[in-house]
Amino acid sequence: MKNNTEKLVTKSHIRNRTIFSFSVLALFSVFIFFGWRWLHNQPDDNGTPKPVRNVLNFDESVFGNFLSNDHLAKTFPVSAAVKNVRVNGSEGMSDDFDPASWKLKVARKPGDTLLITLDEIKKLPKTEIIFDFKCIEGWSQVTHWGGVKFSDFAKKYGLDDQTAMKYMGLITPDAGYYVGIDMPSVMHPQTLLCYEMNGKPLPMNQGAPLRLIIPVKYGIKHLKRIGTMFFSNERPPDYWYERGYDYFSGL
Ligand SMILES: Nc1nc2c(c(=O)[nH]1)N[C@H]1C(S)=C(S)[C@@H](COP(=O)(O)O)O[C@H]1N2
Ligand SMILES: [Mo]
C-alpha cells in the first residue's frame, strides 16, 4: 500500500533548498566575521575588549547579590583531603625572601601601618577548613587548611573602618603578585589567613608564612605569601584582572 503522507520532491525543489541553506550559512559567517572584528577593535579594558568587560562587570552586579554569610562552600571530612597538594603559580614568590624576618603589614590609614608577626596571628582562635579548591585552569582538589578567620583578625586589630570599605587589597612582599577582593567575600566566615596545610606549617611554595584561603573564590584570589594588606573603596590592582580575567572571580 502507498503511504499517503509521501510527497513528490522535484529536483528544482531540492536545488532551491540547497541554495537557501548555503545563503543562511554565508550570512551568519559574514555576521560572525564582522562581529568578531568589531569586538576586537573595541577599546581595551584590562586585557579584554570593553564590551566583554561590561558583561563581566554586569555578572558581578548580579551574582554578588548571592553572596551571603549563610551560603557556605561545601566542606569535606579530613579523610577526603589529598596528601599531595598541587603547587600552582609562583608569581611574587622570589627566592630572596626571608620568612624569619617577615611581618604582615596592615595599612590601616596613611601613616598608620601595623606590623604583625606570625606568632601574634597564631594566638587568635584557629579555624580549619577542608573544601574543593578550584582553579580557573580547570582543575580542583579537596584540600585541608588552617589559620584565623579574617573576620576574627579584623575584630582583634580594630579594622572596623577598614572593613566598612568596598575592597581589600593584598600584595606579596616583592609586589610581584597582587589581588583585590570585594569586602563581603573577605568577611565571609570561611575566609582564612592561613598558616597551615594538612595540619602542618604551610610549605614555602604554598605561601608561607601566611596566605589567603577564600573558598568563595577561584584559586587566582588565594594569594600566597601575603606582604601587605590595605583597604579601599576603589578596586585595588589585581594581577589576573589586568590580564583579562573577571575581577570578581566568584564561585
Ligand atoms: N603569590 C602568588 N599567589 C598565588 C599565585 C601566584 O602565582 N603567586 N597563583 C594563584 C593561583 S592561579 C592558584 S590556582 C593558587 C594555587 O595555590 P597552590 O599552589 O597552593 O595550589 O594560588 C594562587 N595564589
Ligand atoms: Mo589558578
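Small disclaimer: the values here were computed from a predicted structure and weren't measured. (Residues numbered from 1 in each chain as written. Chains lettered and ligands numbered in written order. Predicted model: local features only at pLDDT ≥ 70, side-chain atom pairs only at ≥ 80, totals over all residues. Heavy atoms only, no water.)

## What about the pattern of salt bridges?
Close approach of charged atoms allows side chains of opposite charge to pair. What counts here: In what follows, salt bridge is the name for a side-chain nitrogen of Lys or Arg lying within 4 Å of a carboxyl oxygen of Asp or Glu.
Inspection of every chain in the model, using the stated rule, returns nine salt bridges. Close ionic contact of Arg108 with Asp112 constitutes a salt bridge, the shortest N to O distance being 3.3 Å. Where Asp132 meets Lys134, a salt bridge forms, and the shortest distance between an N and an O atom there is 3.8 Å.

## Here we look at the pairing of strand β8 (residues 178-182)
As a reminder, the rule being used: Whether a residue is buried, partly exposed or exposed follows from its accessible area with a 1.4 Å probe, protein chains only, as a fraction of its type maximum: under 20%, in between, or over 50%, in that order. What counts as a helix is a DSSP run of H or I of at least four residues, what counts as a strand is a run of E of at least two, and both are numbered from the N terminus. A pair of strands counts as paired when DSSP detects no fewer than two bridges linking them.
Counting buried residues in β8 gives five out of five residues, a clear majority hidden from the surface. Residues of β8 alternate between two faces, with Tyr178, Gly180 and Asp182 on one and Val179 and Ile181 on the opposite face, all of them buried. Linking two consecutive strands that pair antiparallel, namely strand β7 (residues 167-171) and β8, is a turn of six residues; a positive phi of about 65° is found at Ala175 within it.

## Side note on the domain arrangement of the protein chain
Where the parts come together, the accessible area they lose is often given as the size of the interface. Rule in force here: Note that the domain bounds were set by an automatic or database domain assignment.
We note that the domain assignment places domain 1 (1-41) and domain 2 (44-87 + 101-243) within the protein chain. Averaged C-alpha coordinates put domain 1 and domain 2 at centres separated by 52 Å.

## Observations regarding the nonpolar core
Heads up, the condition is: Here, the term nonpolar core denotes a set of buried Ala, Val, Leu, Ile, Met, Phe, Trp, Tyr and Cys residues that are joined through side-chain atoms within 4.5 Å.
Formed by 34 residues in total, the largest nonpolar core has its most connected members in Leu104, Val106, Ile121, Phe150, Phe153, Leu193 and Met229. Elements represented by at least two residues in this core include exactly β3 (104-109), β4 (112-116), α4 (150-156), β7, β8, α6 (183-186), β9 (192-197) and β12 (228-232). Val85, Ile129, Phe133 and Leu192 belong to the second-largest nonpolar core, a separate cluster that totals 13 residues.

## Regarding the site of ligand 1
Put simply, the rule is: Each residue is tested against the molecule or strand, and it is near if at least one of its non-hydrogen atoms lies within 4 Å. What qualifies as a polar contact is a pair of N or O atoms within 3.5 Å, subject to a donor-acceptor requirement within protein and to the restriction that residues adjacent in sequence count only when both atoms come from side chains. All accessible areas in this document rest on Shrake-Rupley with a 1.4 Å probe, and a residue is counted as covered only by the protein chains that are shown.
The immediate surroundings of ligand 1 are formed by 19 residues, with Arg86, Asn88, Glu91, Arg211 and Lys224 found nearest. One of the backbone N or O atoms of Asn88 is found 2.7 Å from an oxygen atom in ligand 1. Contacts to ligand 1 include His222, whose backbone N or O atom sits 3.0 Å from a nitrogen atom. Contact with the protein chains covers 97% of the free accessible surface of ligand 1, which is 530 Å².

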